[in-house]
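One-letter residues, chain by chain:
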Amino acid sequence: MVSRVRVWLNRTYAENVFFMDQLRRNPSDRAVEIHATHGDADSPVLAAADTAELEPEGLSPAGYVEYALAQCRRRGIDVFVPRLHQSAIVAHRAEFEAVGTALLAPPPEAVAVFQDKVVAYEAVQAVGVPVPPWFRVRDADELLAAVEELEAGGHRACFKPASGAGGVGFRMITRSPFSLSHLSGFPTPYVQLDPVLDALRRSEEPVDWLVMPRLEQPEVSVDCLTGPDNRVRLAIGRVKNGRRRGFTLQDQWLEPARLVVEGFGLHYLSNVQFRMFGDTPVLMDVNTRPAGGLHQLSLCGVNVPWLAVQLALGEDPGTVTPPFLGQDYTVVAGPRPLRPVSIPQQRPETEAPLLPAVPAPAQPGSVQTGAALPL
């Protein structure tokens, strides 16, 4: 009898409930049990898991590694998909292997390159991947100089943290004075330049921002599955153009993505994002983890989460070509069950309470997560 596979996802995005669904519906008909941990008792991934726990708060990266190793021993984890403290965890790969756990994550050298966007841009540019103009700024004078240089070239400036994920901290600069027009409709990512400069000058601490021109659509996110031998097994681009989404296998997107993931050893699941700078596709960002929208590749007839787990277990699926490219689609919100009773906020000094190994019913609470629907 083929044994079950025990997979752990730590403090992951809500959208990865679909990642979990795909693992259970794998084409090998292999039994999969999913363990999830999170800092939010109402995260839908806790309700979707077979077993779940609240994570202790306030752990240092080293402390979190010890916590993770203890989880893997106690839970008999076969494959660990780390998001929180990924860089600290992959530095201890041998210790996880010693307790029988494979890490579905790149080696520490690859993770380190892409933690800092400036380091990443310099590195990928050196291997021939186009990047947009960029400036690293730490104070008001540097920000003003960067904005003026971009505007002189006819570009709209934007900024984001040099280290970060998920679009957190992204803002677009405008010189339009604040008016009632900014109070109509929904809030936007636009910020007036003068208040930003004033805030920087009043701040007692420097910032660490990447300033660059606003890049245009389409945005193409290339999801890659790469083996420990640095060879890509699967690469498919997800195209975003406003509400419309689709898929591509065009070389102008896939070839630079392959250069990145193979050249820097981004093993297992990664995501390379491009946008347009004029007529040229340029690198926007690189994620050393599964993208939140990875499950959308099921519309192309492939179960990428399961392929990645197989690869982590040493069951190499070989080169995978999608049997077809799905039709254009859009993403809409849908309900997912939550646990019927919220768990009190975890205190750092207490042991994380166990949640029963039974998925919660749909009532009384639910949360909205994104599902793909055809256009």
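Residues numbered from 1 in each chain as written. Predicted model: local features only at pLDDT ≥ 70, side-chain atom pairs only at ≥ 80, totals over all residues. Heavy atoms only, no water.

Enquirer: Any chance you could explain the layout of surface pockets here in plain terms?
Expert: Rolled over the atoms, a probe with the dimensions of a water molecule shows which regions are left empty. By volume, the largest pocket amounts to about 990 Å³. Surrounding the largest pocket, 38 residues form its lining, G167, E219, K240, Q273 and M284 being those nearest its centre. Contributions of two or more residues to the lining of the largest pocket are made by β7 (157–161), β10 (209–213), β11 (216–226), β12 (232–241), β14 (268–277) and β15 (280–287). Every residue lining the second largest pocket is counted, 18 residues in all, and those nearest its centre are Q86, Q115, G164, A165 and T288. Elements with a contribution of two residues or more to the lining of the second largest pocket: α4 (86–90) and β15. Looking at the lining of the second largest pocket element by element, the count peaks at three residues for β15. (1 Å grid on protein atoms, 1.4 Å probe; cavity = no way out; pocket = protein on both sides within 12 Å on 5 of 7 lines; lining within 4 Å. Points joined across faces, edges and corners; volume = space filled by probe spheres on them. Helix = DSSP H or I, 4+ residues; strand = E, 2+ residues; numbered from the N terminus.)

Enquirer: Just to check I follow, could you spell out the packing of aromatic side chains for this structure?
Expert: Any two aromatic rings considered together are summarised by their centre-to-centre distance and by the angle between their planes. A full pass over the atoms with the stated rule returns nine aromatic pairs. Each ring, one from W8 and one from F80, has its centre 3.9 Å from the other, and the planes form 5 degrees; the classification is stacked. With a gap of 72 residues between them, W8 in strand β1 (residues 5–10) and F80 in strand β4 (residues 79–81) connect regions that are remote in the sequence. Ring geometry for F247 against Y329: centres 5.2 Å apart, planes inclined by 20 degrees, an arrangement best described as stacked. Taken together, the residues span a long stretch of sequence, with F247 in strand β13 (residues 244–248) and Y329 in strand β16 (residues 329–337) at a distance of 82 residues. Like F247, the residue Y329 is buried in the burial classification. The ring of Y13 carries R83 above its face, with NZ or CZ at 5.0 Å from the centroid. (Phe/Tyr/Trp six-rings, centres within 6.5 Å; stacked < 30°, edge-to-face > 60°. Buried < 20%, exposed > 50% of the residue type's maximum accessible area, 1.4 Å probe, protein only. Lys NZ or Arg CZ within 6 Å of the ring centre and 35° of its normal.)

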